[in-house]
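Each chain is listed here by its residues.
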Amino acid sequence: ASTPSDEWAPQWAVASVVLALLLAEITVRAHIWSRPVSFHIVKSVFGQYDARFGQRFSPSERKVLSLVQNGGVAWCPGLVANANADGLGGRSTLADARKADYVILTTGDSFTYWMRSALTVPDVVESLLSERTGLKVANLNLARGAYGVLQMLTLAAEMVPILKPDLIVVQLISDDLTRGRWWAREAVIDGRARAQVSPRPDGFDDPRTTNEQDVVDERASDEWCRSQLGAREPDAVVKDAVAYHRAYLRSKGIAFAPFSLTKSYLIDAVWPSLFDRPFYSQTARSLIPRVTAQEFLTDPGYHDAVQKLTRSGVPVVLVHLPNKAEIVVGRPFRGRDADAIWTQLERDLGTRIATLATMEPRPPVPATIDLQPNNAHPNLDGIKFYGEYVTQVIEPRVKSR
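Every value quoted in this text rests on a predicted model; they were computed, and no experiment measured them.

Asks: Please provide a residue-by-residue account of unusual backbone geometry, values included.
Replies: Look at the link from E360 to P361: it is a cis peptide, with omega at -10 degrees. By secondary structure assignment, the location of P361 is in the loop between helix 13 (336-349) and strand 13 (370-371). With omega at 10 degrees, the peptide bond leading from Q372 into P373 counts as cis. Within the element layout of this structure, P373 appears in the loop between strand 13 and strand 14 (375-378).

Okay, here's the thing in structure tokens:
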């Protein structure tokens, strides 16, 4: 015969599971609550609308960045990106390419256009290759911040007939593999400049799918930023930006609601690691749209780009740029979809993606390669390290025309 304790066992088990999930939910919310509320202010919108490529840069555009955290200015990185006279992200211009012995077309994301002390990774690669080969090398930097591999390949394929490079280099981080296509534009709404991003070229009028990359305020110069570091009271620029940012989060439905009974922050935290995409609407929560492996591989633009690159006869080199954690662990971090995309890329382009983990000998890694805790992008040592790494990958291919 069963005892009372046996009859109650299933109920106790269910109650224990519910209690554990409730405690986990509370823990996640407490962690989110304890994190600083931060966002970037830029002096002007960096990047303009481009129907084919999602974004282009006007000549001599500059991106001056400031970090606001918990209602005050916390960090002033200053100039982090700068378009040259041709709207390219690096040092070399089209005129330099016409006079060069060897031309490289480099595309990538913000790790590739990110600038410290007037240097980008392609600039370092250009200098090292010129020094080691004796050739005049021009490395044209066509990177776009937050670009994914889909748009990198399209951009490279369409620019090959125009730039006529000797080599194409695609510099990617792990996160780029599952990034979808997007379009950016500058808009003025209610008297305020907006740096908008949409997953569709004609989708900017839909507030559900249009996101904003940074808060824009023409008063936010690097000099202003430094004057506000450690200020006892925020000035009008900070107050305006904080108020605007709060209103923006509320309008998108993504403001943190610690007492919400209609959403689970636990699921929101765990889901992406399991399924490579957010649980809630990604158009509302993510700046950049995401794709599954199936969506990536059925993208018409992907197959068009692969065909054009293959027919061009120009060698394509894909180089994975590892972050600090990937360097420590010794392998790229890839979820199921990213892994499938990685494998198919190698098959379709007939090349292996170069990784630091498989390189021998590999360049020494500086003690610090990024700008954490303020920013995950490379510091000056990191830019030089990535430049050395990419140079070692492609140097054997660089020969006089």
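So, next bit.
Asks: Quick one: what's the story with the pattern of salt bridges, residue by residue and with numbers?
Replies: According to the stated counting rule, one finds 22 salt bridges in the structure shown. Among the salt bridges present, the one from D217 reaches R192, with a minimum N-O distance of 4.0 Å. One end of the pair, D217, is in the loop between strand 11 (211-216) and helix 6 (222-228); the other, R192, is in strand 10 (residues 192-198), and 25 residues separate them in sequence. Summarising the burial analysis for this pair, D217 and R192 share the class buried.

Asks: Go over the environment of Q48 with me, naming the residues and quoting the values.
Replies: Within the secondary structure, Q48 sits in strand 2 (residues 48-50). Taking the relative accessible area as the measure of exposure, Q48 reaches 16% and is therefore buried. As for Q48 and S58, which are separated by 10 residues in sequence, their C-alpha atoms are 7.3 Å apart. There is a polar contact of 3.4 Å between the side chain of Q48 and the side chain of E186.

Analysis parameters
- Residues numbered from 1 in each chain as written.
- Predicted model: local features only at pLDDT ≥ 70, side-chain atom pairs only at ≥ 80, totals over all residues.
- Heavy atoms only, no water.
- Helix = DSSP H or I, 4+ residues; strand = E, 2+ residues; numbered from the N terminus.
- Salt bridge = Lys/Arg side-chain N within 4 Å of Asp/Glu carboxyl O.
- Buried < 20%, exposed > 50% of the residue type's maximum accessible area, 1.4 Å probe, protein only.
- Polar contact = N/O pair within 3.5 Å; in protein donor to acceptor, adjacent residues only side chain to side chain.

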